[in-house]
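Notes for the structure review
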Amino acid sequence: MTALFIKDKEFHDFVAALVGATPVYAPVAKRSLFAFERLVSADALRLDYDVTILPPKKLFFPPAQELLKFTGGKFTASVHPEEKVLFGVHFYDVKAIDQTDQLFAEKNYDVNYMAHRQATTIVASNIQKVSRRAFFGTVGQEVHPKGHDAYLTKIGTGYVFETFTPKGEALTKHGNFEPATDTQRAEVVKVNAAVLEQCPEKLTHKSAEIATKVRQAFKNEELWRECAVDCFSCGTCNTVCPTCYCFDVQDTWNVDQKSGSRTRYWDACLTESFATISAGGGHVENFREERGERFRHRIMRKASYLNPKLGGPACVGCGRCSSQCTADIADPVRIINKIMAL
Amino acid sequence: MNHQCHWTEIENIFMPREATIVRTATPTPMEKHFTLKMADGKPMTFEPGQIVEASLFGYGEIPLGFASSPTRENTFDLVVRTVGRVSSAVNKLEKGQSIFIRGPLGKGFDLNKLRGKDVLIVAGGIGLCPTRSLIQYIMDRRTEFKRFVLFYGTRDPKQQLFLEDLVAWRASKDVEYFETVDKGDPSWKGNVGVITTLFPKVQITPETRVVICGPPVMFRFVIRELDKLGIKRENIFVDLERRMKCAVGKCGHCQINDKYVCVDGPVFAFSDIQGLEEAI
Amino acid sequence: MTVNAHIHVHHLTRVEGHGNIVVNVNNGKVEKCEWQVPEAPRFFEAMVRGRHYSEVARITSRICGICSVGHTLASVKASETALGITVTPQTIKLRELLKHAENFDSHVLHVYMLVAPDLLGAPSVFPLVKTHGDVVARALRLKRAAHEWGSLIGGRTTHPTTPVPGGFASVPTHAELKALKEKLLSLAPDLTATLETVLALAPNIPAFDRKTEYIALSNDQNYGLYDGVVQSTLPDGMKQRYPVADYRKVTNEYVVPQSTAKYAKNKLPSYAAGALARFNNNFERLTPEAKGVAAKLGMKPVCGNPYLNTAAQVVEIVESFYDSLRIIDELLTTGVKHEELVKPTKFATGAGATEVPRGILFHEYTYDQDGMCTAGNCIIPTNQNHANIQGDFDKLVPELIAKNATEKQMELALEMLVRAYDPCISCSTHYLDVTFVR
Amino acid sequence: MSKPKVAFFDFASCEGCQIEFTNYGDKAFLELLNHVDVVEFREAMSETTTEPIDIALIEGSFTREADRARLEDIRRRAKIVIAYGQCAATGGINALKNHQNDYLPCVYGKDAGMPHLASQKALPIDAAIKVDYKAFGCPMNKYEVLQIISHLVHGKEPVIPDYPVCVECKRRETVCRFAEGDHCMGQVARAGCDAPCPAAGIPCEACRGFVDHPNIPALKKVLVERAGFSKARAESKANMFTANQLELKP
Ligand SMILES: Cc1cc2nc3c(=O)[nH]c(=O)nc-3n(C[C@H](O)[C@H](O)[C@H](O)COP(=O)(O)OP(=O)(O)OC[C@H]3O[C@@H](n4cnc5c(N)ncnc54)[C@H](O)[C@@H]3O)c2cc1C
Ligand code: SF4
Ligand code: SF4
Ligand code: SF4
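Residues numbered from 1 in each chain as written. Chains lettered and ligands numbered in written order. Predicted model: local features only at pLDDT ≥ 70, side-chain atom pairs only at ≥ 80, totals over all residues. Heavy atoms only, no water.

Some details on the overall build of chain C
From N to C terminus, chain C includes 14 helices and twelve strands. Whereas a compact globule of 438 residues would reach a radius of gyration of roughly 22 Å, chain C reaches 21 Å, a difference of no more than 12%. Each principal axis of the C-alpha distribution contributes one length, and for chain C these read about 70 × 50 × 40 Å. Taken across its 438 residues, chain C has 68% of its residues classed as buried. As displayed, chain C offers around 14000 Å² of accessible surface, 57% of which is attributable to carbon and sulfur atoms. Between the averaged position of the 45 positive side-chain charges in chain C and that of its 45 negative side-chain charges there is a distance of 0 Å. (Helix = DSSP H or I, 4+ residues; strand = E, 2+ residues; numbered from the N terminus. Rg over C-alpha atoms; globule rule 2.2 N^0.38 Å. Buried < 20%, exposed > 50% of the residue type's maximum accessible area, 1.4 Å probe, protein only. Areas by Shrake-Rupley, 256 points an atom, 1.4 Å probe, with all protein chains shown as cover. Lys, Arg positive; Asp, Glu negative; His and termini not counted. Charge placed at Lys NZ, Arg CZ, Asp CG, Glu CD.)

This is the structure in structure tokens:
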């Protein structure tokens, strides 16, 4: 592991060289918001972003991912990863990637995700601007990000670039770096600690307490029904979540009606028919028929169900669901604090 | 990243294998019984109660339970009820055609917990398919188990599956077989009534291991009977059904609270799920 | 002389919307000769009332799926006039580019899929797949390209999404425009081939001539598809211009007892709108390339053969192609950027006009202080053409009788005439529905 | 099904959905013709048929009692009837007039009393005949319809989404209209269109109609509280393409 420094002026050249050498995905402006997109020029990079619409999971687990192609009874896998750099990821998103890494790899190893993940070098960056619904400062503090190959921190007149893996180290050849001084390294620690205090929203309790008490609130039907009165079952809170990864699988034929593909699409447990089965004879059974039941499932999954496995909650405090739920009812902080206050 | 292996070294869990249909039967107008063999000639090694994802390209993939015992050589059985897109397409297939299979998947019956014990199987409707796997197993290795009682209930006589098996079981000394229908017809001479009406017909000891498989409503009533008999919850095994897309613990559809039916089940000890509000 | 002919074409095929042709000739005497429109009425002007100005164009776009770009633009322009909005130069350029895409798209459809079968003696384009596979493939290729071109600027070609009062909700990127230019350039061989096909079929276009008035938008800068004032050209070449706000004085809609549709007239008993009307009005401002094609086709203003509307469409296909390349180059030099929508400065009444493939189209709306629409009026080109079609029928049928045409020939001649106008009857804003008793 | 016979029919509509069929491009369209026989399509062909049809695609609303007989004839001849486009599926934009009682004088003025103008409510095709499948949208999504036809060619039930447009909006990473200070109805609109409207920067007007159980009270609340609509505008907003559906679901 090394810590290097690069001046503002040369940082631009570094990014430009990177873009010239390999596909780079990074935060860029999208109308009034931001998105991770293929960087076409260093000028488009917006490290001053607050949060992107979608988390970087889309690069490993795209909204529509082809699993296989078929022609008649012959079929081939569709795993074609692209070697790339994912640049400028905030630490909460790295924590989320750590989770999906674990969940896609455990038990049945999912090459469709892992191939894209392994082809990616992740450069994290410090948070220059905190989004208006973020609460990463108070959620899952016991879990630390670990999946990134390098970490970039903006300080004063330049950036400190810390590398953690050979993949991260390899990037330094594209820029005019110098070793970081002790003062600069101290500054990095200060900058990254300070941002945790700046979140506009805060959980009132520690993750472990939350996990227990939220789980106990399962049977509080009234609470969940009330929470979900205005819920559209639109699944936005799922689809924009960096730790959600449910999917649907559909087969389609090409126009030749012989060949086609099997594709998985992002699905959302908040949508109405997510847990519906056909029982034959036109009968169906929906195991989570009520809006409140579906709403509850998400909160349980974020705050409690996965904690033993992940060592902390399955929520990283990005605030995407809070800000993107049009009914503004999805905010985990409000719901959890409400339960904790019961 | 905290995982060592490279993706290229690992088998792609979404790639099916081809299986050839060697025999078909049509027990009811709604169901079709397939006997299959892997096209590469390799045997299918599985445990009773495990499942496969069966697919037809262009139509999709569905979870199905094994309907035969691994003790039967080289082939395995699936019984498919015509329900929707995939099942209707599968049920149009005939001998010689192929079904694409991923599996075996999931956790089946823990045979070690049944061996040397009295066993009661309660099967309702199509629930007989996955339990047939276990029934065949017990019949094939009869000496490994003690008393063996089987309850089978259907809506009406026409719904009965595996008619040849039923004839054999009725005659067999290896199994104490009881059957019932919710609604009889003129030809039906047997018991009429829901499956719980079979309990008074036979003495079940508290040490019996019980397997339940059938529609969700059946569970609740059967469990109530078992409670009365003093059977411990850890000795009751249930086979659950939920929506499934991947059957490898990723897609999220089959979740019951924090459990994934496809990898943690579909067979569960009742004691493991009785605390789960969404289970039964 | 044709003695007896009874023609009743019910729901004429290969036109958009529903129209009937009824002709009765007894003993050489024309007893009935009518162009009827039985399209189900749909009442758009009523439906826009109480709607916010941002919704109006999305509703009136649905008047016609074939000219929905034109309806959207006419509607947006009318709203902008009513709301006191002046759009930016970039918006105007992009709208012109979008208008060209629609014109190109619709004309390709009409020439290849609706008219060509007549000229090739086929009942439809489907049998042509076997006999003239390359022509059909070319048509579909051109159609698809026009669809992609229109979609890039308008979001979609059927009921476009991006053109809204005040500008564009989103604009294409520099790279997308560059790719569009490449795409268009790649069409050049198909365009040449189109011209060859049409030239080869030109002899099959019937000869007919009737002196009538031609009305189209016109301006001094370009061919006037997107914007201009209303201009009339008489058979002798006399021109007169009127402001768009005075559209009612030009269209003079009136109801005639023997017709289902409202008629329109200006100086003569009827007038024509459409490609031929634009050609006759704006020939001088065609690009050199389009003028060259007109020369090849032997077309000069003022051309009085309505069957040649199809030829004028071919001229316009070329016009839209080359003028678009010019616009794209301009946009590539100036650069395209996302612009905030221009906000309303007042709430009043305003009219807007644009040329759609079938001719001049007027929309007019009134808004209240909350920006809600209180009244609307839409006058579509096909409406304006009905009287003219009837006028052509009245002249053509006796000519055909004199030529001793058979009933079949007469029917085909009349069908081809109606199709040449490319009537878009589904734009049923003002139709009456009458059952005719024979 | 071996090369099914497909026929197209149109009623009160803008015919934009038909036009969409011409936009597949040469390769896809000609390939499609290898798998279906188009036997009737008034706008594009003069041929007609009285033979049985495998798949009838009907565009447009049922707005005049006089059209019933034609629809019944189509139903008799067709194995599968698909109402395609929103006019046919729910009545679509045409239904906007259903809740106005002065639309005739508004459009026809003094001629409004003429008897032949009588037009009943704009209704979906299934108000007259049984419809097997609906392809929603104004216009319909041509790729979705291609998939529906493809599924039917293979005897497979088409997959038609019941989740809202927001799902597709998110998959495309579109900036939400609400984030731009605008409004939207994507939360209650049935997906399947790939959410082109918010992607283009304008609100979804639910041109595909509602999902099976739309949360309309929540929609009105959000339109008022977040988009700053008046109560009246929030009411009328929810019934632009969905006037018929709203009547059913107050
Ligand atoms: C563990 C398990 C074992 C099963 N064993 C058998 C068996 O041995 N024989 C048998 O006939 N059926 C069995 N089923 C049920 C069978 O999977 C469904 O009937 C089948 O998925 C319906 O799919 P379809 O495409 O025909 O219907 P559609 O209604 O078109 O279903 C569409 C999709 O929804 C999902 N889905 C719908 N219903 C179910 C369901 N009941 N269970 C799971 N997913 C569903 C599937 O992904 C399916 O592809 C089992 C289900 C589970 C979960
Ligand atoms: S909580 Fe909000 S974002 Fe989630 S499904 Fe409900 S309305 Fe949509
Ligand atoms: S723009 Fe509309 S459809 Fe898209 S996420 Fe927002 S509310 Fe949903
Ligand atoms: S986004 Fe909404 S309005 Fe646009 S096509 Fe889809 S359903 Fe229709």
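Let's talk about the overall build of chain B
In terms of helices and strands, chain B carries seven helices and 15 strands. Here chain B has a C-alpha radius of gyration of 19 Å; the compact-globule value for 280 residues is 19 Å, and the two agree. Seen through its principal axes, chain B has C-alpha atoms that stretch 55 × 45 × 35 Å. The buried share of chain B, reckoned over its 280 residues, is 58%. Considering only intrachain contacts with a sequence separation of at least 6, the fraction spanning at least 24 residues in chain B is 66%. (Contact = heavy atoms within 4.5 Å.)

Quick look at the sheet that holds strand β2 (residues 24-30) of chain A
Backbone hydrogen bonds hold the strands of a sheet together, and the pairing may be parallel or antiparallel. All names here are of chain A. Judged by pairing direction, the sheet is mixed, and its eight strands sit side by side in the order β3-β2-β6-β7-β8-β9-β1-β10 without closing on themselves. Each end of this open sheet is capped by a strand with a single partner; those strands are β3 (33-38) and β10 (178-179). The pairing of strand β1 (residues 2-7) with β10 spans two bridges and is classified as antiparallel. Note on β10: the bridge partner recorded for Phe5 is Glu178. (Pairing = 2+ DSSP bridges.)

Details of the pairing of strand β7 (residues 120-125) of chain A
The side chains of a regular strand alternate, first on one face of the sheet and then on the other. Residue and element names in this part refer to chain A. The buried fraction of β7 amounts to six of the six residues, a majority that puts the element mostly inside the structure. Of the two faces of β7, the one holding Thr120, Ile122 and Ala124 and the one holding Thr121, Val123 and Ser125 are both buried throughout. Across five bridges, strand β6 (residues 84-89) lies against β7 in parallel orientation. Of the residues in β7, the one forming a bridge with Val85 is Thr121. Inspection of the sheet shows β7 paired to strand β8 (residues 150-155) by three bridges, in the parallel sense. What sits directly across from Val123, in β8, is Ala150.

Some thoughts on the site of ligand 4
As a structural note, the neighbourhood of ligand 4 is formed by 13 residues, with Cys193, Cys197, Cys204, Glu205 and Cys207 of chain D the closest of them. Residues lining ligand 4 come from chains C and D. Here the shell around ligand 4 gets three residues from one element, more than from any other, and that element is helix α8 (residues 196-200) of chain D. Within the shell around ligand 4, the residues separate by chemical class into nine nonpolar, no polar and four charged. (Near = heavy atom within 4 Å. Nonpolar A, V, L, I, M, F, W, Y, C, P; charged D, E, K, R; others polar.)

Some remarks on the confidence of the model for chain C
Residue and element names in this part refer to chain C. Overall, the prediction assigns chain C a mean pLDDT of 88, with 91% of residues at 70 or greater. A low-confidence stretch, residues 426-438 (pLDDT under 50), is modelled with 65 contacts involving residues beyond four sequence positions or located in other chains. ipTM for the predicted complex: 0.91, alongside a pTM of 0.92. (pLDDT = per-residue confidence, 0-100.)

Re the interface of chain A and chain D
On the side of chain D, 38 residues touch chain A, which itself brings 36 residues to the contact. A combined buried area of about 3200 Å² lies between chain A and chain D, and 56% of that area is made up of carbon and sulfur atoms. Its largest share of buried area at the contact with chain D, chain A owes to Phe232, Trp253 and Thr326 of chain A, together 22% of the area lost on that side. Linking chain A to chain D there are three salt bridges. For Lys221 of chain D, the salt bridge is made with Asp230 of chain A, and the minimal N-O distance between the two is 2.5 Å. Counting across the interface, chain A meets chain D through 19 residue pairs in polar contact (both at pLDDT 80 or more). Those elements that place two or more of their residues in the side of chain A that touches chain D are β3, α8 (236-239), β11 (247-253) and β12 (259-266) of chain A. Its residues placed into classes, the side of chain A that touches chain D shows 18 nonpolar, ten polar and eight charged. (Buried area = accessible area lost by both parts, 1.4 Å probe. Salt bridge = Lys/Arg side-chain N within 4 Å of Asp/Glu carboxyl O. Polar contact = N/O pair within 3.5 Å; in protein donor to acceptor, adjacent residues only side chain to side chain.)

Side note on the packing of helix α8 (residues 188-201) of chain C against helix α12 (residues 309-334) of chain C
All names here are of chain C. Interaxial distance between α8 and α12 falls to 11 Å at its minimum, and their mutual angle equals 165°. Classified by the angle between their axes, α8 and α12 sit roughly antiparallel to one another. α8 and α12 meet at a crossing whose hand is left-handed. For the pair α8 and α12, contact is made by Ala188, Leu191, Leu195 and Val198 and by Val314, Ile317 and Phe321, respectively. Each residue belonging to the contact of α8 with α12 can be placed in one class, and the counts come to seven nonpolar, no polar and no charged. (Axes fitted to C-alpha atoms, helices over the stretch in contact; angles between N-to-C directions. Parallel < 35°, antiparallel > 145°, perpendicular 65-115°, else oblique. Left-handed = near helix turned anticlockwise from the far one by under 90°.)

Section: the site of ligand 2
Around ligand 2, the neighbouring residues are Cys231, Phe232, Ser233, Cys234, Gly235, Thr236, Cys237, Leu270, Phe295, Cys325, Ile329 and Ala330 of chain A. Here the shell around ligand 2 is composed, by residue class, of nine nonpolar, three polar and no charged.

A few points about the domain arrangement of chain B
Residues and elements named next belong to chain B. Parsing chain B into structural domains produces domain 1 (7-105) and domain 2 (111-273). With centres defined by C-alpha atoms, the gap from domain 1 to domain 2 works out at 22 Å. In this assembly, 25 residues from domain 1 lie in contact with 25 residues from domain 2. By the criterion of area lost to domain 2, the three top residues of domain 1 are Pro48, Thr71 and Arg81, representing 20% of everything that side buries. Counting across the interface, domain 1 meets domain 2 through two salt bridges. One salt bridge connects Asp140 with Arg72, and the closest N-O pair in it is separated by 2.8 Å. (Domains from an automatic or database assignment.)

Description of the environment of Arg334 of chain A
All names here are of chain A. Summarising the element assignment, Arg334 is placed in helix α12 (residues 332-341). For the pair Arg334 and Glu201, spaced 133 residues apart in sequence, the C-alpha separation works out to 8.8 Å. Discounting residues that sit within four places of it in the chain, Arg334 has contacts with Arg133 and Asp328.

A closer look at the pairing of strand β1 (residues 17-28) of chain B
Residues and elements named next belong to chain B. For β1 and strand β6 (residues 98-105), the ladder comprises four bridges, and the chain directions are antiparallel. Residue Ala19 lies in a different strand from β6, and its bridge partner there is Ile99. Where β1 lies against strand β2 (residues 31-38), seven bridges are found, and the strand directions are antiparallel. From the neighbouring strand, Thr24 faces β2, where its bridge partner is Phe34. The loop that links β1 with its antiparallel partner β2 comprises two residues.

Side note on the pattern of salt bridges
Across all of its chains, the model carries 87 salt bridges over all chains by this definition. When the shortest N-O distance is used, the salt bridge between Glu40 of chain D and Arg77 of chain D registers 3.6 Å. One end of the pair, Glu40 of chain D, is in strand β2 (residues 37-41); the other, Arg77 of chain D, is in helix α3 (residues 68-77), and 37 residues separate them in sequence. Overall, the relative accessible area of 13% leaves Arg77 of chain D in the buried class. Close ionic contact of Arg177 of chain D with Asp182 of chain D constitutes a salt bridge, the shortest N to O distance being 3.1 Å. Of the two residues, Arg177 of chain D and Asp182 of chain D, neither departs from the other in class, the shared state being buried. A single salt-bridge network, built from bridges that share partners, covers Arg51, Glu55 and Arg58 of chain C together with Glu205, Arg233 and Lys237 of chain D.

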